[in-house]
Amino acid sequence: MKIVGGTWSNWSGGVSCKPREIVAPKDEVELAVAVRKAEGRVRVPGSGHSFTPLNATDGTLVDLSAFNGLKGCDPERQLATVAAATPLWGMGSLLHPLGFALKNMGDIDRQTLGGVVGTGTHGTGRTLGSFSADVASFRLLLANGEIIHCSPEENAEIYAAGRTSMGMLGVMTEIEMNVRPAYKLVEKHFIHPIDELFRQLNGLVEANRHFEFFWFPYADAAVCKSLNETDANAPMRHSAKTLQARGEHRTADEYAFAAINEVLPYMPFMLGPVHRLFSSLMPGKERVRWSHEIFPSPRTVRFNEMEYAVPYENGPDILREIVEMIRKRRINTGFPIEYRTVAADDVWLSPFYGRESATIAVHQYHRVDTTELFEACEAIFKRYGGRPHWGKRHTRSAAEVAELYPKCEPFRVLRRKLDPEGKFLNDHLRGIFQ
Ligand SMILES: Cc1cc2nc3c(=O)[nH]c(=O)nc-3n(C[C@H](O)[C@H](O)[C@H](O)COP(=O)(O)OP(=O)(O)OC[C@H]3O[C@@H](n4cnc5c(N)ncnc54)[C@H](O)[C@@H]3O)c2cc1C
């Protein structure tokens, strides 16, 4: 948790707050006391990698960093129970010695397990769900201090709703994940001219366990990335300490990327050449690594982001429309648009609820105003029934969310039942879910 002089801020620096109290309970008993005693609103951040004000509060902020580590493993059923504030960079080192690994991961490993489950964070892969979809059960501390276990058999409604609930139903203390035998992946990058890519897209998504692409919108080719299982040799695994450190140090390339993003807003004539240059430099060499080492990449250049999940079949049309709009309006951006796919799930507030999806993410350097790019993209996402990623910028109202998420109203009813005083709400969440 990043707190400087009593002020908490998120990764991008776009959200900050000054809580009245910061508590750091050591176990469930202390946590229950802290929540019961708290005056005003209680928020429970993970590592603060959400771009939306999910964690903003002037009440109590709970630092869960003591809730870290492996709690149990059931090798027969391929289940691992992990304390909720365990950082993702630590999970590979906990699971690998047991012969297991997470089924999928996203772009980075800086977040906590509770944080990625709390927002429905995802990677890419047509048959693979989000972190929330892989939750088998969890322990939840309610507003009244009671701790319950939630699974398909026990407190089934809370299990269905709680797997993506942004900390509104209570505090998850332990999360049991469906895992699989440890595996290695081979990563390949290739550049495809856009028209060719769209012709082959379904085939590429089908043929690869993980496929995604990055399109710098003023370039005419996209950088494609695939990951597939392999038995080829991988270098020896890194220690947890090395994995923790590797996401934090900026390379010379990243300094150059940041410097260009600083000046790009004043040099709009450079958009085309810069985007072509970035596309040509982005692909890395083919490599083989254990899954938890190869999924995440360092992201040291700060940005803000909007991402929507859209019906899988509409993904290409929506992306083309976004790029045409960016070019027509000459909108400045120094980042690529990221395109991924995610399987449908049954988690009530999941952007993937009952719908196989493509996800489209637009980014803006942290010192560049996001308004023009994000408003224009959101207008397009809206026309296609896009559902926002809860951890990424959006401006959707309570009524719109109720229309987009079939289980929104049952979620609100359940939330009111579990937390009638709205202890776990803040202004942002109250506006959408009260
Ligand atoms: C550089 C970068 C890359 C990213 N890449 C991806 C990506 O590839 N895919 C993707 O989908 N998203 C991605 N994200 C978004 C990110 O994964 C989510 O916003 C995620 O929620 C952040 O996790 P966190 O631990 O930082 O949680 P926070 O942002 O601190 O919190 C998120 C929510 O989880 C809740 N929460 C946290 N812990 C608990 C708990 N124990 N009990 C109950 N609620 C809890 C919080 O209350 C809050 O509502 C990225 C973000 C950044 C900055």
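The structure we're discussing is the one just above.
Here's what I pulled together on the structure shown here. Treat the numbers as computed from the prediction; the structure is a model and nothing was measured.

1. A closer look at unusual backbone geometry
Glycine aside, a negative phi is what most residues show, and trans is what most peptide bonds show. With a phi close to 50°, Asn155 is a non-glycine residue in the positive phi region. Since its relative accessible area comes to 35%, Asn155 is described here as partly exposed.

2. What to know about helix H5 (residues 194–207)
With 14 residues, H5 ought to run about 20 Å at 1.5 Å a step, and its terminal C-alpha atoms sit 19 Å apart, in line with that. Most pronounced at Gln200, the bend in H5 amounts to some 60°. Along H5, the residues classified as buried are Ile194, Leu197, Phe198, Leu201, Leu204 and Val205. Residues of H5 that are buried sit in contact with strand S13 (184–193), strand S14 (210–215), strand S15 (221–230), helix H10 (315–328) and strand S18 (337–342).

3. Re the environment of Ile147
With respect to the element layout, Ile147 can be found in strand S11 (residues 147–150). With 119 residues separating them in the primary sequence, Ile147 and Glu28 have C-alpha atoms 8.3 Å apart. Dropping the residues within four chain positions of it, Ile147 is found in contact with Glu28, Arg139, Leu140 and Leu141.

4. Description of the nonpolar core
Of all hydrophobic cores here, the largest spans 51 residues; its most connected members are Leu113, Phe131, Leu140, Ile175 and Phe433. For this core, the domains that each give at least three residues are domain 1 (70–182) and domain 2 (184–388). Beyond its immediate stretch of four places on either side in the chain, Ile175 contacts Ala80, Thr81, Val82, Ala84, Leu113, Gly114, Val117, Val135, Ser137 and Phe138. In terms of nonpolar packing, the next biggest core, distinct from the first, is built from 49 residues, Phe51, Phe198, Ile322 and Tyr365 among them.

Parameters at a glance
Residues numbered from 1 in each chain as written. Predicted model: local features only at pLDDT ≥ 70, side-chain atom pairs only at ≥ 80, totals over all residues. Heavy atoms only, no water. Buried < 20%, exposed > 50% of the residue type's maximum accessible area, 1.4 Å probe, protein only. Helix = DSSP H or I, 4+ residues; strand = E, 2+ residues; numbered from the N terminus. Expected span 1.5 Å × (residues − 1). Bend = angle between axes of the 7 residues up to and from the residue. Contact = heavy atoms within 4.5 Å. Core = buried A, V, L, I, M, F, W, Y, C linked by side-chain atoms within 4.5 Å. Domains from an automatic or database assignment.

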